[in-house]
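Coordinates in review
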Amino acid sequence: MKTYYFIFISLLLWGFNSFGDQPSKDQLPPAADQTASLQEDYHPYLARIVAGYLSYNHYSGMRIDDFTSREMFDNYFKMLDYNKMYFTASDVEQFRPFQYALDDMLLSRKPDLRLAFDVYELFQKRVKERVHANLALLDQKFDFTLDESICTDREDAEWASSKAELDELWRKRIKEQVLGFLLRDKSYEETIELLKKRYKRNLKDVYDVKGVEILERYLTALTSVFDPHSSYMKPASKENFNIGMEHAVEGIGATLRRDQEYTAIVDLTPGGPAQLSGELQPGDKIIAVAQGEEEPVDIIDMKLQRVVSMIRGKKGTEVRLTVIPSQGLDSSETKIVSITRDKVKITANDAKYEIKEIKSSNGHSYKFGVIDIPGFYQDTNARYSGDENYKSLTKDVRKILAELKEKQVDAIAIDLRLNSGGSLPEAITLSGLFIKDGPIVQVQDRQSRKRVLEDPDPEIVYEGPLVVLTSAMSASASEIFAGAIQDYGRGIVIGSESTHGKGTVQNMVGLQRTLEQLLDHRYEKDVAGALKFTIQQFYRVNGSSTQNRGIVSDIALPSPYDRYGMREEELPRSLPWNEIDPAEYVKIADLGELINELKALSAKRVEKNKEFQYLKEDLAYWDQLEEESTLSLNMDVRKKEMMRLDELEKNRKAEREKRLGLTKPKDESPAKTQSENKPGKAGDKDIPDFILEEALNILADYCDRTGIKIVASELSGQRKEM
């Protein structure tokens, strides 16, 4: 690894001139003084490092060439103006001569990033023009009796041919925004005021930008040519990614949000420094931040991410917050709160469980443990620094299983419906809690070198009946776990037709060390960030990749997530599916006949289930809206449709209350039958989680037919010689 690293540094020092020469300076558009001044001296070298890593290490084997340049060019404009509402065709065309030059500009000895900053400066100019035009438009009255409509999907639209065409697009967009507020019972005056504030804030955000933020977009326009999961991360983005993986942060332990021009406290982490200080409360507004004894910095109207970066810091350091208390009599009443930062564990997205009691179709009563796993997390830094108490999903689930065993549950359901993945090692060790030993997943790199990753622990923590709930949102590590459970015949996968289909492995490489060695210069803090890029593809033990195809459910249930159209195969530049030789593993049981029986029983229930009928109607309605891709701007038409939907929901609610016995006196709040941290599962907290309910009905049938206790180590199975 060290040899490779120094070879790579040598290549960077030598440069990439063999790939092509840099265009002459007189070919470039005039320099954009305002944004060009945001470029730091090290930015070109950072771009060169990113280009080098991608060229020599990305799994796809792609090189940075004219094709990459053209795609990067288009990506950058789309990232800035996704709906094509600011740039005109002529704006894009003025930069078109350079669509095949970006590769040469990146691979030269000192890359030229002027295009990134020039395009962003033009974007700022167009946003400013548009905001001023929109503010004037909001002073006019709209006629909602006209028979007009707006296109709701401009993804494949062409760039507007003229300013007049953009004016018309914006007239309709603003008219729709005004109409939307009016339909939600806002007054016309209040609506106009809200929209004016929104556009002014948008303009401020576009101009309140740092050079590294422009660079992040530009380099991610490059990485996304290689695949949809590779990206460049500026230091703040890298920090946020690590926090999400580690479920820990060094700071004060507070959740913040933007409230008009202020930064407001939403809640405090129990046991965190902010909560322990006793000086802060939800609703308090922070107006200034000081580091230790330094002077306070005013943060009114500052971007939330910047405020967060100022408040976070190393454990043991002091931060002083100037706060307007939520209980204060007026906004002029402030206080200064001094807090010593500490490492705060974030538990909101930890694995959790609940116990459900279910009666089977045969009349047997069962007690099931439902373990909700939002992500595959691990505090890697703490683990490799020798901290035995490092944060780990597998460790948390092991504890949960012990508690459920004490509570004498009959079976387990693992809920991965909102789990987009995370740590590969955690996917392996979590799978190992349910099987004795053997391979869990295979990985293959760009040189077709294969590795089989095995369960490191021969202990089986849970041996009983198991189902795994998935959806189109279940991705990556979720698919490794679900695939292993399915391949071994250890349990039954229930959910959408298939999972998301992300079958690639990414590596995140910090770029600071490489930058400092390249420039022979030390920086006081991380200025380089990180590159996350695809290095391997993973395969199930049966040899099949999950890429694009995902894990096909043993028993498929209709799902609200099926409408989002966000599976891997629908993402631009996703890698293709393939397969390799199977690994050698012992299949615990063949559940084929049992699954067919359970599937038939489930189908009968689903057909009669009112909630699934409602979902089927909703999916058809959403499909119709997507196909039409238009929305009426006529007040009467929209009101009529809104009344129809309100009546439909009213009838459903009445039927549901009668069926579930939820009718309450008017002064009582309705019963909560769905976990509030899963609003997407049914769309309303009063709607039962009918997908989970049906999965547990299947689990009850499973228990009826297997006599509950299944000892994995005792089930028969023949070793497969592959």
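Quick note: structure is the one above.
Keep in mind that this is a model prediction, so the values were computed, not measured. (Residues numbered from 1 in each chain as written. Predicted model: local features only at pLDDT ≥ 70, side-chain atom pairs only at ≥ 80, totals over all residues. Heavy atoms only, no water.)

1. Description of a negative patch on the surface
Together, Asp153, Glu155, Asp156, Glu569, Glu570, Asp623, Glu626, Glu627 and Glu628 make up a negatively charged patch on the protein surface. Structurally, the position occupied by Glu627 is in helix H20 (residues 610-628). Given a relative accessible area of 72%, Glu627 falls into the exposed group. (Patch = residues over 30% accessible without salt bridge, like charges linked within 9 Å, V, L, I, M, F, W, Y side chains within 5 Å. Areas by Shrake-Rupley, 256 points an atom, 1.4 Å probe, with all protein chains shown as cover. Salt bridge = Lys/Arg side-chain N within 4 Å of Asp/Glu carboxyl O. Lys, Arg positive; Asp, Glu negative; His and termini not counted. Charge placed at Lys NZ, Arg CZ, Asp CG, Glu CD. Helix = DSSP H or I, 4+ residues; strand = E, 2+ residues; numbered from the N terminus. Buried < 20%, exposed > 50% of the residue type's maximum accessible area, 1.4 Å probe, protein only.)

2. Regarding the packing of helix H19 (residues 592-608) against helix H22 (residues 690-706)
Put simply, H19 and H22 touch, their axes get as near as 10 Å, and they point 140° apart. As summarised for this structure, H19 and H22 are arranged oblique, according to the angle between their axes. Here H19 runs over H22; the crossing is right-handed. On H22, the residues that touch Leu594, Glu597, Leu598, Leu601, Ser602, Arg605 and Val606 of H19 are Glu694, Asn697, Ile698, Asp701, Tyr702, Arg705 and Thr706. Considered class by class, the residues forming the contact of H19 with H22 number six nonpolar, three polar and five charged. (Axes fitted to C-alpha atoms, helices over the stretch in contact; angles between N-to-C directions. Parallel < 35°, antiparallel > 145°, perpendicular 65-115°, else oblique. Left-handed = near helix turned anticlockwise from the far one by under 90°. Contact = heavy atoms within 4.5 Å. Nonpolar A, V, L, I, M, F, W, Y, C, P; charged D, E, K, R; others polar.)

3. Focus on the pattern of salt bridges
What the rule picks out here adds up to 46 salt bridges. We note a salt bridge from Asp415 to Arg417, for which the minimum N-O separation is 2.8 Å. Like Arg417, Asp415 is buried. Of the charged contacts in the structure, one is a salt bridge between Glu641 and Arg644, with a shortest N-O distance of 3.0 Å. Taken as a pair, Glu641 and Arg644 lie in helix H21 (residues 635-660) at a separation of three residues, close to a single helical turn. Its relative accessible area of 26% is what places Glu641 among the partly exposed residues. Among the charged side chains, a salt-bridge network with shared partners connects Glu611, Glu649, Glu655, Arg656 and Arg659.

4. Re the sheet that holds strand E17 (residues 492-495)
One open sheet accounts for six strands, arranged E11-E12-E13-E16-E17-E20; its pairing is mixed. At either margin of the open sheet sits one strand with a lone partner, and together these are strand E11 (352-359) and strand E20 (555-556). Two strands pair when backbone bridges link them, and strand E13 (residues 411-415) and strand E16 (residues 466-470) are joined in this way by four bridges, in the parallel orientation. Bridge assignment links Ala413 to a residue of E16, and that residue is Val467. On the sheet, helix H17 (residues 477-487) packs against E13, E16 and E17 and is oriented at approximately 140° with respect to E16. (Pairing = 2+ DSSP bridges.)

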